[in-house]
Each structure stands twice: as structure tokens, then as C-alpha cells.
Amino acid sequence: MRRLNTNDHERGVIAPVAAFLMVVLLGFAALAVDVATMYSEHAQLQNGADAAALAIAQQCSKAATPCPSDQKTAAANYADGNAVDGHSNVLSAIANATAKTADVTTQSRTAGGTNHFSLQFARVLGFASTDIQAKATATWGYPNSGGGFPLAFSKSCWDLGPATAGTGTVQQISWKPGTPSCTNASGHTIPGGWGWLTQSSPCYAITATGNAVASDPGNNSPTGCYDVLNSWITTLTNGGAVQVTFPIFDTATGSGNTGTFHIVGYATFKIFGWHFGNASGPYEFRDKATDPGMNSYLACSGGNDRCIIGEFVQFQTSGGGGGGQDFGTSSVSLSK
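The model shown is predicted, which means the values in this text are computed figures rather than measured ones. (Residues numbered from 1 in each chain as written. Predicted model: local features only at pLDDT ≥ 70, side-chain atom pairs only at ≥ 80, totals over all residues. Heavy atoms only, no water.)

## Some words on the pattern of salt bridges
In this structure the tally under the stated criterion is 2 salt bridges. When the shortest N-O distance is used, the salt bridge between K288 and E284 registers 3.4 Å. For E284, a relative accessible area of 21% puts it in the partly exposed group. The salt bridge involving D287 is made with K288; its shortest N-O contact spans 3.3 Å. The exposure class assigned to D287 is buried, which follows from its relative accessible area of 3%. Classification of K288 by relative accessible area gives partly exposed; the value is 38%. By sharing partners, the salt bridges in this structure join E284, D287 and K288 into a single network. (Salt bridge = Lys/Arg side-chain N within 4 Å of Asp/Glu carboxyl O. Buried < 20%, exposed > 50% of the residue type's maximum accessible area, 1.4 Å probe, protein only.)

Right under this line is the structure:
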């Protein structure tokens, strides 16, 4: 009896199935390549939208500089700069000075000027191109909270007008002794205190506008700030600039460690020198009339004097919310 060889039939079935599966696998691989390039394109568009929104918000937030008159052109420079091929399309770029927002929408664009993203392998399925967009919103305002060096300035010390694009007057801000200065001319000095704030960690105080922040008596030198002050000295002696954002108070009550400062905003002070108590080392720096660039008007009186020397400057920070008073320091951040 003749036996049937089923292997021949099986081989005949497997071959077309394998060919079909190969086509399917190649199709998925091709689509995966298109999807990957689409993700890459969207990431580039998102980077461009983010950069453009932040740049417009930064310009709008400067008191002496209006928002860009041609916001789409301003946005296009950042959108194109973040595209690998140097080409993108800005669908819209709108700054709202009242709401303090900058909204930018970008779209894919080819070198030939077509506002579509070309697909390579999906064409076999009838999809030659697709639209890819990215959106970003940046906001600006004036800080309403922060943390940093535990020292507060009186509002009456601040001399940088909102229409000024440069710096304030170089001045000495003095807390002790009780000489006529911007801190005590309006009765803002706390007896037994001089602007030091209660610290949440060494040389660091957390503050917020609208809140009363506790005072810390300033008779002793700020021992927890040794390393911070040393870093300031290193920066200044190497020709750098030390710009520190301080909380600003409008009223002060109590005395010593029972006193409080009412915080209303934040201002940035470019520091030239200081005298933080009767101590040596980093607690005194460029505070004497004989020091380079110093004179008798700016120099601290020595002894138990507490003073800092410098000027208020325009400054921008990233992140943080708005709601504080305008003291020349603005905050810019992405909200979405």
C-alpha cells in the first residue's frame, strides 16, 4: 500500500503563511519607524514652543521693555532654532499683558514650506502626511514666596523704579547703630533686631508675601552663614557679581525675637560689601573706607554695626508664582 507523504502538503501551506507574516512584520516595523520620527518631530516642536513662550514672557516682564510687537517673528526664531532641520511653523504667538501670559503654538513644516509632516512607510497604507502641533504657555509676575539668605529689607530702602531698566543707587543699608537710614527713618527697625529672619535651616529662611515673618535678634554674627559668605567673597574677589533676592517688608512690629516683618514682595540686591556684626573672617568684607572702591559715605561704622553695601537691580527668576509687589524682580515659568 502506498503511504501519503503529508510533509509536502505542510510545506506548501507554511510557505505562503510565512510570506504573509513577513509582510505584516515589515509593515509594523515600517510604521514603528514613522511613529518614532513623529515623536521626535513633536519633541522638537515642543522645545521650540517652550523656548518661544519663555522668551516672549521674559521680554514682557521687563518693566522698561514692551512685549514684542511682532510676536510670531520673535517666536519663529526659537521654534526654528529647536528644529533639527531648522524649519517649523508658528501657528500663533499671543502675549496678554493683562493676564501676564504668552501662548505659542508650533506646527511641523518642511524645507519646501509645506506645513505637514511627511510619512515614509505609511504611504503604502494610504497615509502620506500628518499634522503635528505643540503648544506652550508661559506666565510672568512678581514673586509671592521664596527662600534664601535670612535677611529682610525695608520697602523704604528700595530705590529701583518700575520704569527703570538699569540699577538703583549704590547705598549702605544700615540696621545698627540707629543712624538715619532707610530702615529706621520710617520706624521700621525692630528694637533688638536688624532684619534677620528666623531660619528654617542654616542660613536659609522661607518667606511669603502677606505673611508676618519672625525676627531673629542680630547681636551675634550669623554663624550658620559662614560658608555662604565665603562663597560671596570668592565670587567678588574673582571679579564676579553677587546678586541676591531678598524679601521686602513694609511694616515691622514687636522687638527682638518677638518681632515680625510683614513681607510684601522681593527685590534683588547686587552686593558689594557687608559688615555683619563685630566678628572677623567672612562676616566683614569691603566695609571700610580704606577698602578698594569704598568711601566714607558707603563704609560701615564698625563695631556692632550691621550693614550691607550695594545696589538694587532688575532681575528675573525662573519658576515660582506671581502676586507680590513689583520691586524689579520678576518670575517667569511655563504653566503648560
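## Considering the sheet that holds strand β5 (residues 133-141)
Pairing within the open sheet is mixed, and its 5 strands lie in the order β1-β2-β5-β17-β16. If you trace the sheet from one side to the other, it starts and ends with β1 (89-96) and β16 (315-318), each paired once. This sheet shows a mean twist of 20° between the axes of neighbouring strands, independent of strand direction. Across 7 bridges, β1 lies against strand β2 (residues 101-107) in antiparallel orientation. When the sheet's bridge partners are listed, A95 is paired in β2 with A102. (Pairing = 2+ DSSP bridges. Helix = DSSP H or I, 4+ residues; strand = E, 2+ residues; numbered from the N terminus. Axes fitted to C-alpha atoms, helices over the stretch in contact; angles between N-to-C directions.)

## Some remarks on the nonpolar core
With 29 residues, the main nonpolar core has F149 and W274 as its most contacted residues. Contributing elements (two or more residues each) for this core: α3 (226-237), β12 (242-253), β13 (260-276) and β15 (306-313). With 6 residues, β13 is the single largest residue contributor to this core. Non-local contacts of W274, meaning those with residues more than four positions away in its chain, are made with L229, W232, I233, L236, P282, Y283, E284, F285, D287, C307 and I308. Ranked by size, the runner-up nonpolar core spans 17 residues in total, among them C60, A79, A93 and A102. (Core = buried A, V, L, I, M, F, W, Y, C linked by side-chain atoms within 4.5 Å. Contact = heavy atoms within 4.5 Å.)

## Section: the side chain of D287
Mapped onto the elements of the fold, D287 is located in the loop between β14 (284-285) and β15. Engagement of the side chain of D287 in a polar contact is seen with the side chain of H275, the distance being 2.5 Å. Discounting chain neighbours no more than four positions away, the residues touching D287 are W274, H275, A299, C300 and I309. (Polar contact = N/O pair within 3.5 Å; in protein donor to acceptor, adjacent residues only side chain to side chain.)

## Here we look at the environment of C60
You can see C60 is positioned in helix α1 (residues 6-61). On the accessibility criterion, C60 (10% relative accessible area) is buried. C-alpha of C60 to C-alpha of K100: the two residues are 40 residues apart in sequence and 8.1 Å apart in space.

## A word on the packing of aromatic side chains
Summed over all chains, the structure comprises 15 aromatic pairs. Centroid distance F149 to W232: 4.8 Å. Interplanar angle 40°. Geometry classified as tilted. Of this pair, F149 sits in the loop between β6 (145-148) and β7 (153-154) while W232 sits in helix α3; the two residues are 83 residues apart in sequence, bridging distant segments of the chain. By the burial criterion, F149 is buried, and W232 matches it. (Phe/Tyr/Trp six-rings, centres within 6.5 Å; stacked < 30°, edge-to-face > 60°.)

## Focus on helix α2 (residues 71-81)
Of all the positions in α2, only Q71, A75 and A79 are classed as buried. Along the long axis of α2, the arc covered by the buried residues comes to 60°, so they all point the same way. Facing away from the buried side of α2 by more than 90 degrees, the exposed set consists of N77 and G81. (Arc of directions from axis to C-beta.)

## Concerning the state of the cysteines
Applying the stated criterion across every chain, the model contains 2 disulfides. Each disulfide pairs two cysteine sulfurs, and for C203 the partner residue is C225, the sulfurs being separated by 2.1 Å. Torsion about the S-S bond of the C203 and C225 cystine: about 105°, corresponding to right-handed handedness. In this pair, C203 sits in the loop between β9 (193-197) and β10 (205-208) while C225 sits in the loop between β11 (212-217) and α3, placing the two residues 22 residues apart along the sequence. Both residues of the pair, C203 and C225, count as buried. Two residues, C300 and C307, share a disulfide whose sulfurs are 1.5 Å apart. Judged by the sign of its S-S torsion, about 55°, the cystine formed by C300 and C307 is right-handed. Owing to a relative accessible area of 10%, C300 belongs among the buried residues under this scheme. (Disulfide = S-S within 2.5 Å.)

## Comments concerning the confidence of the model for the protein chain
The predicted model of the protein chain has a mean per-residue pLDDT of 78, with 73% of residues at 70 or higher. Low pLDDT, under 50, characterises residues 184-188; the stretch is placed with 11 contacts to residues that sit more than four places away or in other chains. (pLDDT = per-residue confidence, 0-100.)

## Some thoughts on unusual backbone geometry
Despite not being glycine, C203 shows a phi value in the positive range, around 60°. Among the residues examined, C203 registers a relative accessible area of 6% and is labelled buried. Backbone geometry places R286, a non-glycine residue, at a positive phi of 45°. In this fold, R286 is placed in the loop between β14 and β15. Residue classification places R286 among the partly exposed residues on the basis of a relative accessible area of 29%.

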